[in-house]
Amino acid sequence: MTYLVAGLRLLAYALTFALLAGPHWLTLKLGRGRFAGHAPCWLHRVFLRLFRLRITVTGTPPAAGEAALVIANHISWLDIPVLGAVRPLSFVAKSEIAGWPVIGTLARLQRTVFIDRARKRHTAVVNTEMSRRLRDGELIVLFAEGTTGDGTRLLPFRTSLVGAARAAITEGGLDRVRLQPLCIAYTRRNGLPLTRAERPDIAWYGDMELGPSVKLFFERGPIDVQVTWGEPIAFAAGTDRKAATALAEASVRRALQEAVTGRPPAPQPAPQPVPVPVPQPVHEAPPILIPAATA
């Protein structure tokens, strides 16, 4: 993609944003409505169409209006338009993003829940807000790794914000909450499978600057993305938070491995039973016959 073409497409995206931003902002001020949820989704779909990101969605997502805490992996800044284009939802993000130029504005219009990681007590405040959203039947995406990865490996999932599911039960009056594993994988570029060495070119992680990552995205060809909804996990009042998070992590890990390798993960062998020693029969020695004394 030449810089001229990229510039024209960015201009078309900016015009679409200008058309949607005003009514969307007004809808948010007046109260939630159908437009407030769908406007960001339409904007993300325009972005994907302009910049040729093709999404394949598999699995069974939550039904419309069903509350769900979506627990996903995180690879790139592209994850936001990719997931945002699938259906109306909101995200949990670090508080620093709220102050970023352009991106912060887009995040606020997406009704992102911002968390201050430097304040441990802020997690409880965020969980309360998330529980209110879940009670209202919303989808909230939580990037459970807490950071971005390189697109090949999955980092351990954190459990702290999964506490929002318990808050939705204790404070929001719900019987249970759907924890929904979701896997994002960037699988192809220009129609060809991405190699392990090429995936970091799409990922945005570590100390990478955002500008060079965006520039690289414009210079390379179209990207194929695989979005996989895992099997939902029912979170009730007595559910162990760490165990539920571990189940979600295992689901996302399996889906990521299948997406990047093109084949399902090898089944784990069943544990072999510990052999129990069989007692051997005791053979008694034959009696010693002593001859009777001769007369």
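For the structure itself, look to the data block above.
No experiment lies behind these values; they were computed from the predicted model shown.

Procedures and definitions
- Residues numbered from 1 in each chain as written.
- Predicted model: local features only at pLDDT ≥ 70, side-chain atom pairs only at ≥ 80, totals over all residues.
- Heavy atoms only, no water.
- Buried < 20%, exposed > 50% of the residue type's maximum accessible area, 1.4 Å probe, protein only.
- Helix = DSSP H or I, 4+ residues; strand = E, 2+ residues; numbered from the N terminus.
- Pairing = 2+ DSSP bridges.

### Quick look at the pairing of strand β6 (residues 176-189)
The buried fraction of β6 is high, at 11 of 14 residues. Here strand β2 (residues 68-72) pairs with β6 via 5 bridges, running parallel. When the sheet's bridge partners are listed, Ala72 is paired in β6 with Leu182. Where β6 and strand β9 (residues 233-236) come together, 4 bridges link them in antiparallel fashion. In the strand pairing of β9, Val177 is matched with Phe235. Of the pairings in the sheet, the one linking β6 to strand β8 (residues 223-229) comprises 7 bridges and is antiparallel in character. Looking at the pairing, Arg188 lines up with Asp224 of β8. Examined bridge by bridge, β6 and strand β7 (residues 192-193) share 2 bridges and lie antiparallel to one another. Bridge pairing in β7 links Arg188 to Pro193.

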